[in-house]
Each structure stands twice: as C-alpha cells, then as structure tokens.
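As a plain string of letters, each chain reads:
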Amino acid sequence: MFAAERRQLILEMVRANGAVSLRELARVVQTSEVTVRRDVRALEAEGLLDRRHGGAVLPGGFTRESGFPQKSHLATAEKTAIADVAAGLVDEGEAIVVGAGTTTQELARRLARVPGLTVVTNSLLVAQALAHANRVEVVMTGGTLRGSNYALVGSGAEQSLQGLRVSRAFLSGSGLTAERGLSTSNMLSASVDRALVQAAAEVVVLADHTKLGTDTMFQTVPTDLITRLVTDEPPVHDDRAGTELQALADQGVQITVAGPAAGASGTSGSEGAPPPGRQGRRDVPLPGQRGRHPGGPQLRSASLSGDGQPPERGARVADLRRR
C-alpha cells in the first residue's frame, strides 16, 4: 500500500471512530506502528487530525467525546485483558460501585460470575450485563439518561449516592495523567463519577494505554485518590506511556499490568473468556525507572506459577507499592 493510500485509510478510520489507537491503525493498514506514527504526524501537519498519546483523534479532540458505538470498537483486546484482571480483584460478597464506560461494561460481564456481589451503578449497560447474574444484586442510581454512553447523570444520580459506602469503585474515563488524574470530556459524567468516588473506600481506575498521558476537560478523580490503576502493557516504543506509569507510581498509585487476553480476538463479550483471576499478567519494565530503596515502591510479579495455577484472588499484580 502506497503512503497516500495508507494515510487516506487512516483518515477515514479516525473520521468514522473519532479516535483510533496506533496499534489498531497498524493492524488495519498492515504495517508497523513506526510507519503509522509517521503517517499520523504528516496528517497532523496538514491539520486533518490531532495526535494523542498512543493514537489519533479528530481535530479539536480535547473537547470532543466519541459516542458509545465508536468507543466500543477501540482497543477491544486491551479492554478485555484489563477487565479480566480487574474482576480478579473482587471477592465474593463484596459491595462495589461500577461507573459507566466500555471497559467497565466488560468488567461487569465478568462480575456476573462472582456470587454474593452487590453492584451499585449509574450505567444501563453495566446493569444489563448483570441483569441475569445468579446471586448478584444490582442497585441503580436515579438520574437523567445520557444517551451517548447509556449512563444516568445529574442531581438525581448524585443524590442517590449520598450516604452510600462500599469497598471499591471501578471507574474509567477519557484520559489519565499523573498531574490531574482521571478526566472526562463531559461535565455531568464527571460530577457523577466524583460522587461514586466519595462512596468508596478504594478507587480502581481501568484505562488502556491509549488513555495514558491524555488530558480532557473535566477532572473526575485526582491522582491522590486513585488507589490502583489496571492497564495493559504499552508498546515497547511508547516511552510516553511508560513515563506516565512511572509518574503515577511515584505518586503512590499501585500499577497492575494485564497481559494479552487469553484467546482474545479483539471483540467484546465474555463468551469463552477465562474465569476472573485467570487472566495472564506480567511485569513490564518502566522506561526511566529509577532505583528503589527497600522501603520504596517495588515492581512485584504475581504471574501464573510454574504449574499454570493462577495467583490467589486479589493478589497484587505488577504493583508499584506506596512508599
């Protein structure tokens, strides 16, 4: 494929989806991510798209939010891997809150297999994924339906969360930086996410590598309130993602890196997915990682053991511990 043909296809994909990762672009145009990055840089110089960490977006993407149909086709394999690992953090009988998003929807599909669970959510898609789960109680907030992401927002949603206390909140967003934490492009969604955070003892952020280093308009969770980040392994050449992970770790966020999803085909859905906690996990060297004192954050491994057995449920995988 000639460069002009590649770039036209890249532009069409970005226009159709709003945002596309470099990894996905390289797969579709059947070339390396290095070549795709060069193409994206050229298209940006022409003002046809904007580069973002790990991908490309339509011009003005800082304030633009893709709709659910577009988001559901982005980084699907990565979201599957993240959801598998995040589900392994949830114990039987827990009470948790789960926010809206395509990654949290994937998590909900796996939580359907955790008995005795109580899930509070403002997401119709999360509730739908758990609607027929055996021994899982779903509690929905009130509020006004926001059609672009099938979430309940507004004062009704926020008021229904007052006085609530659960063990963990699982949230996603549009961007994540060490400086501002988790952010989103919509003010109403951000306000409800902040209310979800207030209800939880711990906050777990689910974000694939394309969101690392991306900053959007409205802050939802400042970095100092994020307990753990579950993400996928950034590409080897993606120094920005690695640097962002290190910066988050330096601020005390526990980093859990999910390996490639077992049998992932790049499509959504839980059919054929491994049980929670059986997702592959491995340590990823972080670019520029400084030497640690014994009491400082340590990169630890809880990968599958030699006999193929999964780690104990709730094991802290590839954690960068708080000082």
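How each quantity is defined
Note that residues are indexed from 1 along each chain, following the sequence as it is written. Per-residue local features are limited, in this predicted model, to residues with pLDDT of at least 70; the limit for side-chain atom pairs, both in listing and counting, is 80 or more; totals at the level of whole chains, interfaces and linings are taken over all residues. Excluded from the side-chain calculation are hydrogens and water; included are all heavy atoms of the structure. Working definition: helices are DSSP H or I runs of at least four residues, strands are E runs of at least two. Numbering for both runs from the N terminus. Working definition: with a 1.4 Å probe on protein chains only, accessible area under 20% of the residue-type maximum means buried, over 50% means exposed, and in between means partly exposed. In this description, contact between two residues means that some pair of their heavy atoms is separated by no more than 4.5 Å. Strand pairing follows a simple DSSP-based rule, namely that at least 2 bridges must link the two strands. Note on method: axes are straight lines fitted to C-alpha atoms, helices fitted across the in-contact stretch only, with angles between N-to-C directions ranging 0 to 180 degrees. For a helix, the expected span equals 1.5 Å multiplied by the number of residues minus one. Note that His is not counted, nor are the chain ends; the positive residues are Lys and Arg, and the negative ones are Asp and Glu. One side-chain nitrogen of Lys or Arg within 4 Å of one carboxyl oxygen of Asp or Glu is enough to make a salt bridge. We call a set of buried Ala, Val, Leu, Ile, Met, Phe, Trp, Tyr and Cys residues a nonpolar core when their side-chain atoms join them within 4.5 Å. Per-residue confidence from the prediction method is given by pLDDT, with values spanning 0 to 100. Consider the strands pointing away from the viewer: the crossover is right-handed when the path from the first strand over the helix to the second runs clockwise. By definition in this entry, angles of less than 35 degrees are roughly parallel, angles greater than 145 are roughly antiparallel, angles of 65 to 115 are roughly perpendicular, and the rest are oblique. Polar here means any residue other than Ala, Val, Leu, Ile, Met, Phe, Trp, Tyr, Cys and Pro, which are nonpolar, and Asp, Glu, Lys and Arg, which are charged; Gly is therefore polar. Between N or O atoms, a polar contact is any pair within 3.5 Å; within protein, one atom must be a potential hydrogen donor and the other a potential acceptor, and residues adjacent in sequence are included only when both atoms are from side chains.

Novice: What's the story with the overall build of the chain in this structure? I'm lost.
Specialist: Helix and strand counts for the chain stand at 10 helices and 15 strands. When burial is assessed residue by residue, the chain has 53% of its 323 residues classed as buried. If you take every contact in the chain between residues at least 6 apart in sequence, the share linking residues at least 24 apart comes to 67%.

Novice: Please explain the sheet that holds strand S3 (residues 55-57) as it appears in this structure.
Specialist: Remark on secondary structure: sheet strands pair via backbone hydrogen bonds, oriented parallel or antiparallel. What the three strands build is an open sheet, ordered S1-S3-S2; its pairing is antiparallel. Looking at the sheet topology across the chains shown, the edges are occupied by strand S1 (19-21) and strand S2 (50-52). Adjacent strand axes in the sheet meet at a mean angle of 25°, parallel and antiparallel pairs treated alike. Bridge count between S1 and S3: three bridges; the pairing is antiparallel. Paired with Ala19 across the strands is Val57, a residue of S3. The strands that helix H2 (residues 22-29) touches are S1 and S3; relative to S1, the one it contacts most, it runs at about 80°.

Novice: Please explain helix H3 (residues 33-45) as it appears in this structure.
Specialist: Residue pairs spaced three or four apart in an α-helix point in one direction, given the helix's 3.6 residues per turn. In this model, H3 (13 residues) spans 18 Å end to end at C-alpha, consistent with the 18 Å of a helix rising 1.5 Å per residue. Just downstream of H3, Gly47 is the residue with a positive phi angle, here 75°.

Novice: Can you help me understand the side chain of Asp208 in this one?
Specialist: Considering the arrangement of structural elements, one finds Asp208 in the loop between strand S12 (200-206) and strand S13 (218-221). Buried charge Asp208 goes without a salt bridge, the closest partner of opposite sign being Lys211 at 4.4 Å.

Novice: Looking at this structure, I do not really get the pattern of salt bridges. What am I missing?
Specialist: All told, the structure shown has 12 salt bridges when counted by the stated rule. Linking Arg6 and Asp39 is a salt bridge whose minimum nitrogen-to-oxygen distance equals 2.7 Å. Taken as a pair, Arg6 in helix H1 (residues 3-17) and Asp39 in helix H3 lie far apart in primary sequence, 33 residues in all. Look at Arg6 and you get buried, because its relative accessible area is 12%.

Novice: Help me out: how do you make sense of the sheet that holds strand S9 (residues 166-171) in this one?
Specialist: If you walk across this open sheet you meet the seven strands as S6-S5-S4-S9-S12-S14-S15, and the pairing is parallel. In the strand order of this sheet, the two ends are held by strand S6 (136-140) and strand S15 (254-258), each with one partner. Looking at each pair of strands side by side, their axes are set apart by 20° on average, direction ignored. Taken strand by strand, helix H5 (residues 76-87) contacts S9, S12, strand S14 (228-232) and S15, and its axis lies near 140° from that of S14.

Novice: Would you explain the nonpolar core in this entry?
Specialist: The nonpolar side chains of a soluble globular protein tend to be buried, and buried together. In terms of nonpolar packing, the biggest core is built from 30 residues, with Leu176, Val205, Leu229, Leu248 and Ile255 touching the most fellow members. Of all elements in the fold, only S9, helix H9 (187-198), S12, helix H10 (239-250) and S15 reach the threshold of two or more residues within this core. Discounting chain neighbours no more than four positions away, the residues touching Leu248 are Leu176, Thr177, Ala178, Leu212, Thr223, Leu229, Val253 and Ile255. Core analysis: the next-biggest nonpolar cluster, separate from the first, contains 25 residues, Leu89, Leu117, Val136 and Val204 among them.

Novice: Would you mind showing me how to read the confidence of the model for the chain here?
Specialist: As a general rule, the predicted coordinates of low-pLDDT regions are not to be interpreted in detail. Looking at the chain as a whole, the pLDDT averages 77, with 74% of positions reaching at least 70. Scored below 50 in pLDDT, residues 68-73 makes 14 contacts in the model with residues more than four places away or belonging to other chains.

Novice: Looking at this structure, how should I read the pairing of strand S5 (residues 117-121)?
Specialist: For S5, a buried count of four out of five residues is recorded, marking the element as mostly surrounded by other parts of the structure. In the sheet, strand S4 (residues 95-98) pairs with S5 via four bridges, with the strands oriented parallel. Note on S5: the bridge partner recorded for Ala95 is Thr118. With helix H6 (residues 102-111) bridging S4 and the parallel S5, this β-α-β connection has right-handed handedness. In this sheet, S6 lies alongside S5 in parallel orientation, the contact comprising five bridges. When the sheet's bridge partners are listed, Thr118 is paired in S6 with Glu137. For the crossover from S5 across helix H7 (residues 124-130) to S6, the handedness is right-handed.

Novice: Sorry if this is basic, but what is going on with the packing of H2 against H3 here?
Specialist: Each pair of packed helices can be described by the angle between their axes along with the distance between the axes. Packing of H2 against H3 leaves a shortest axis separation of 9 Å and a crossing angle of 105°. It follows from the interaxial angle that H2 and H3 lie roughly perpendicular. Only Glu33, Val36, Arg37 and Val40 of H3 make contact with H2, whose side of the interface consists of Leu22, Arg23, Leu25, Ala26 and Val29. In terms of residue class, the contact of H2 with H3 is built from six nonpolar, no polar and three charged.

Novice: Got a minute to help me understand H9 in this structure?
Specialist: Here H9 is 12 residues long and its end C-alpha atoms lie 17 Å apart, about the 16 Å a rise of 1.5 Å per residue gives. Taken together, the buried positions of H9 are occupied by Ser189, Ala190, Ser191, Val192, Asp193, Ala195, Leu196 and Val197. Where H9 begins, the capping side chain belongs to Asn186, and its oxygen is found 3.0 Å from the backbone nitrogen of Leu188.

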